[in-house]
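Structural description and commentary
Residue strings, one per chain:
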Amino acid sequence: MVRHKIKDFSELWKNIPWKKFRRNLFRLQRRLFKAIQAEDTRRARNIQKLILKSKAARLLAVRQVSQLNTGKKTAGIDGVKSLNFKQRLALAERLLKAHDWKHSKLREIPIPKKDGTTRMLKVPTMADRAWQCLVKYALEPAHEATFHARSYGFRPGRSAHDAQKILFNNLRSSLNGASKRILELDIEKCFDRINHTSIMERVIAPQSIKIGLWRCLKAGVNPEFPEQGTPQGGVVSPLLANVALDGIEDIHNSIRYADDMVVILKPKDDADKILKDIQEFLAVRGLKVSERKTKLLKSTDGFDFLGWHFKVQSNGKFRCVPSEDNYKAFRQKVKEIVNCSNYGAKIKAEKLAPLVRGWRNCAT
């Protein structure tokens, strides 16, 4: 009897018209995008409430966090690593109360960084991730209508390759790239230090969503800094970081990818004044520039950004190749697969194929 019920739930889940649901959600998101462009805030908030209640959005959110995301097998504080078909459908029903969501505490996982330090990954439960994904569906189109054109990190339809193209367009020989300088910036502990009030003031959403986001932010706070930080590991955290940092690109001609940023300076530009303006912008949001990682370089010296090494050669030609760190990491991954005696030739080829494909895409 139980097995029969489980089979029924599996058939019910598999027969859901996912393509139709994606189209339905996209139509709502397009309406929201246009409402914000028309500065019709009241209509936009009504559409956001409609997205939260939408069956298509709720089921797609559950599917995204339980089946599609890379970290779908990572457990939160409740220890749940996966959901069966019945639990997925039950969670979609539970999301009907998304307007009054109670966020659980987060599971902390230390992650080593390149410089030898560690950062704390804070993982929400599966249910909280589904709620965050649903809220992201309602927030993202509204902010995409207002986000700056030179922001590329964690945005739909944009990638690091777009940032690469903008750098080429600014540093190529026809635009005298050899005479320009690069101010390379890194925001210190961006996700851990963003001021909560600063985020909430800029979020475009009805009050019910803002209350849920406030609970979400408070669930992952560092006791040392109770008013700061968005939990790294949350579905909605990159979007909130973009909301807080949006507008920094207006200070000067620059390219931002999440918390990494390069500013392109002409010979007469005052680097000290631009850096001071950026520091003032960040201070309002509880952030500051990392002095250790901030560099002012000639474009002919070369610089690393987003896994690439960019350089204007002595003949004025722009050159872009994968960075040294990226190259070493790639070689190490290949070496581990090739030298593993547990794999046969066929398995090694299967494991190497995506690595080589990714490296090819990076290098072209």
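In this report, we go over the structure that sits alongside the text. Throughout this document, residue positions are counted from 1 along each chain, in the order its sequence is written. Per-residue local features are limited, in this predicted model, to residues with pLDDT of at least 70; the limit for side-chain atom pairs, both in listing and counting, is 80 or more; totals at the level of whole chains, interfaces and linings are taken over all residues. Neither water nor hydrogens contribute to the side-chain values; these are computed over all heavy atoms in the structure.

**Things to note about the layout of surface pockets**
Quick reminder of the rule: Both cavities and pockets are sets of points on a 1 Å grid over the protein atoms alone; in a cavity a 1.4 Å probe fits but cannot get out, in a pocket the set is open with protein on both sides within 12 Å along at least five of seven lines, and lining residues sit with an atom within 4 Å of a point. Grid points are joined across faces, edges and corners, and a volume is the space filled by probe spheres set on the points. Secondary structure elements are taken from DSSP: a helix is a run of H or I of four residues or more, a strand is a run of E of two residues or more, and numbering for both begins at the N terminus. Think of it as three bins: nonpolar holds Ala, Val, Leu, Ile, Met, Phe, Trp, Tyr, Cys and Pro, charged holds Asp, Glu, Lys and Arg, and polar takes everything else, Gly as well.
Approximately 310 Å³ is the volume attributed to the second largest pocket. Lining the second largest pocket are Asn326, Ala329, Phe330, Lys333, Leu355, Gly358 and Trp359. Among the secondary structure elements, those contributing two or more residues to the lining of the second largest pocket are helix H13 (324–338) and helix H14 (345–363). With four residues, the top contributor of residues to the lining of the second largest pocket is H13. For the lining of the second largest pocket, the class distribution of residues is four nonpolar, two polar and one charged.

**As for a positive patch on the surface**
Basically, it comes down to this: Each patch is assembled from residues with relative accessible area greater than 30% and no salt bridge, linking like charges that lie within 9 Å and nonpolar side chains (Val, Leu, Ile, Met, Phe, Trp, Tyr) that lie within 5 Å. Per-residue and other accessible areas were derived by the Shrake-Rupley procedure at a 1.4 Å probe size, with only the shown protein chains allowed to occlude residues. By salt bridge we mean one thing: a side-chain nitrogen of Lys or Arg within 4 Å of a carboxyl oxygen of Asp or Glu. Positive charges are assigned to Lys and Arg, negative charges to Asp and Glu, while His and the chain termini are left out of the count. One atom stands in for each charge, and that atom is NZ of Lys, CZ of Arg, CG of Asp or CD of Glu. Exposed residues in this analysis have more than 50% of their type's maximum accessible area, buried residues have under 20%, and partly exposed residues fall in between, with area computed by a 1.4 Å probe over protein chains only.
A grouping of Lys19, Lys20, Arg22, Arg23, Arg27, Arg30, Arg31, Lys34 and Arg43 is seen on the molecular surface, where their side chains present a positively charged patch. Among the elements that make up the positive patch, the one with the highest residue count is helix H2 (residues 18–37) (eight residues). Residue position: Lys20 is located in helix H2. Judged by its relative accessible area of 45%, Lys20 is partly exposed.

**Observations concerning unusual backbone geometry**
Of note in the backbone geometry, Phe154 takes a positive phi value of approximately 55 degrees without being a glycine. You can see Phe154 is positioned in the loop between helix H6 (126–144) and helix H7 (160–171). Taking the relative accessible area as the measure of exposure, Phe154 reaches 46% and is therefore partly exposed.

**Some remarks on the packing of aromatic side chains**
The condition that has to hold: Each Phe, Tyr or Trp ring (for Trp, its six-membered ring) is paired with any other whose centre lies within 6.5 Å, and the angle between the two planes then decides the class: stacked below 30 degrees, edge-to-face above 60, tilted in between.
Overall, the coordinates contain nine aromatic pairs when judged by the stated rule. Ring geometry for Tyr327 and Trp359: centres 6.1 Å apart, planes at 40 degrees, overall tilted. With Tyr327 in helix H13 and Trp359 in helix H14, this pair connects stretches of sequence that are 32 residues apart. When the ring of Phe330 is compared with that of Trp359, the centres are 4.5 Å apart and the planes differ by 15 degrees; the resulting orientation is stacked. With Phe330 in helix H13 and Trp359 in helix H14, this residue pair connects regions lying 29 residues apart in the sequence. Assessed through its relative accessible area of 17%, Phe330 is described here as buried.

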